[in-house]
Amino acid sequence: LEIDREALALYGPGGKGGAGETTCLLGYFAALEVLGRTYYFADRDAESLAVYGEIEKGALELLEKDPQDRRILRQLRGVRSLQGLLYQSAGRIPQSLAKFQQATETPLRIAATDPTNPEAVCLSVLTRSKYAEVLIQNTGRVAEAEAELNKAMETSNQIKSDSLSCLDQRKIAVLNLGRVA
């Protein structure tokens, strides 16, 4: 934890050492994310959620200034997914589903700002699949999970990227769809 805190200190209080410059704040958020993961692995979930909440709040504030910045949107999607995972592991399923639903919406915003960006489609497949996975594992809402996975599969058919990351996300959607079939 000390190393994480030292890394954060390099960015100044609240990440403001870079005079509010987006790139510096995103670096600060990345360092905060490492701290949040450290808390998680130390079974300090409340502190992890607080850190992730700080990242989410900061990313939303940055988006008010520049709503089309893909870097900020990626950060927001990532932290909301981490919050969803943490809530899921804590058995707080309604909060988990809410965060994954929010994370599912973010790639759509990326796609709206840059329709040719294959990353947005890949991220949409990933977040829809994870949302459906939480539904399958923790609720009786199989029909809703199946609908989400079908949307993920429809979306995956639009992927023009052959990156391993995108291909892995397609596999996740297919495997989860098979689990509800």
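All of the points below concern the structure found in this document. (Residues numbered from 1 in each chain as written. Predicted model: local features only at pLDDT ≥ 70, side-chain atom pairs only at ≥ 80, totals over all residues. Heavy atoms only, no water.)

### Quick word on helix 6 (residues 118-138)
Compared with the 30 Å implied by 1.5 Å per residue over 21 residues, the 31 Å span of helix 6 between its first and last C-alpha is a close match. In terms of residue burial, helix 6 counts as a mostly covered element, since 15 of its 21 residues are buried. (Helix = DSSP H or I, 4+ residues; strand = E, 2+ residues; numbered from the N terminus. Expected span 1.5 Å × (residues − 1). Buried < 20%, exposed > 50% of the residue type's maximum accessible area, 1.4 Å probe, protein only.)

### Overview of the packing of aromatic side chains
Enumeration over the complete set of coordinates arrives at two aromatic pairs. When the centroid spacing of 6.2 Å and the interplanar angle of 55° are considered together, the rings of Tyr28 and Phe29 count as tilted. Tyr28 gets classed as buried once you look at its relative accessible area, which sits at 7%. In this structure Phe29 comes out as buried when scored by relative accessible area, which is 4%. (Phe/Tyr/Trp six-rings, centres within 6.5 Å; stacked < 30°, edge-to-face > 60°.)

### Some thoughts on the environment of Pro107
Along the chain, Pro107 falls in helix 5 (residues 93-113). For Pro107, a relative accessible area of 1% translates into the label buried. Along the sequence, Pro107 and Ala120 sit 13 residues apart, while their C-alpha atoms lie 4.8 Å from each other. Residues contacting Pro107, with those up to four places away along its chain left out, are Arg77, Ala120, Leu123, Ser124 and Thr127. (Contact = heavy atoms within 4.5 Å.)

### Comments concerning the side chain of Ser124
Topologically, Ser124 is positioned in helix 6. If we skip the residues at most four places from it in the chain, Ser124 touches Pro107, Leu108 and Thr155.

### A word on the pattern of salt bridges
Going through the model one piece at a time under the given rule, you end up with ten salt bridges. In this structure, Glu56 engages Lys99 in a salt bridge whose closest nitrogen and oxygen atoms are separated by 2.9 Å. Residue Glu56 is located in helix 3 (residues 45-65), and its partner Lys99 is located in helix 5; the two are separated by 43 residues in the primary sequence. Under the relative-accessibility criterion, Glu56 is labelled buried at 11%. When the shortest N-O distance is used, the salt bridge between Glu148 and Arg128 registers 2.8 Å. You can see Glu148 sitting in helix 7 (residues 142-156) and its partner Arg128 sitting in helix 6, a full 20 residues away along the chain. (Salt bridge = Lys/Arg side-chain N within 4 Å of Asp/Glu carboxyl O.)

### Quick notes on the packing of helix 4 (residues 70-89) against helix 5
Remark: helix 4 packs on helix 5, axes separated minimally by 8 Å, with the N-to-C direction vectors making an angle of 165°. Of the possible angle classes, the one that applies to helix 4 and helix 5 is roughly antiparallel. The two elements helix 4 and helix 5 cross, and the hand of that crossing is left-handed. The segment helix 4 lies against helix 5, with Arg70, Leu73, Arg74, Leu76, Arg77, Arg80, Ser81, Gln83, Gly84, Leu85, Tyr87 and Gln88 engaging Ile93, Gln95, Ser96, Lys99, Phe100, Gln102, Ala103, Thr106, Pro107, Arg109, Ile110 and Thr113. For the contact of helix 4 with helix 5, the per-class residue count stands at nine nonpolar, nine polar and six charged. (Axes fitted to C-alpha atoms, helices over the stretch in contact; angles between N-to-C directions. Parallel < 35°, antiparallel > 145°, perpendicular 65-115°, else oblique. Left-handed = near helix turned anticlockwise from the far one by under 90°. Nonpolar A, V, L, I, M, F, W, Y, C, P; charged D, E, K, R; others polar.)

### Quick word on the nonpolar core
The biggest cluster of nonpolar side chains holds 26 residues, and the ones touching the most others in it are Phe29, Leu32 and Ile55. Every element with two or more residues in this core is listed here: helix 2 (22-41), helix 3, helix 4 and helix 6. Per-element tally for this core: the top contributor is helix 2, with eight residues. When near neighbours in sequence (up to four residues on either side) are disregarded, Ile55 contacts Phe29, Leu32, Glu33, Gln75 and Val79. Leu97, Phe100, Ala132 and Leu135 belong to the second largest nonpolar core, which has nine residues in total. (Core = buried A, V, L, I, M, F, W, Y, C linked by side-chain atoms within 4.5 Å.)

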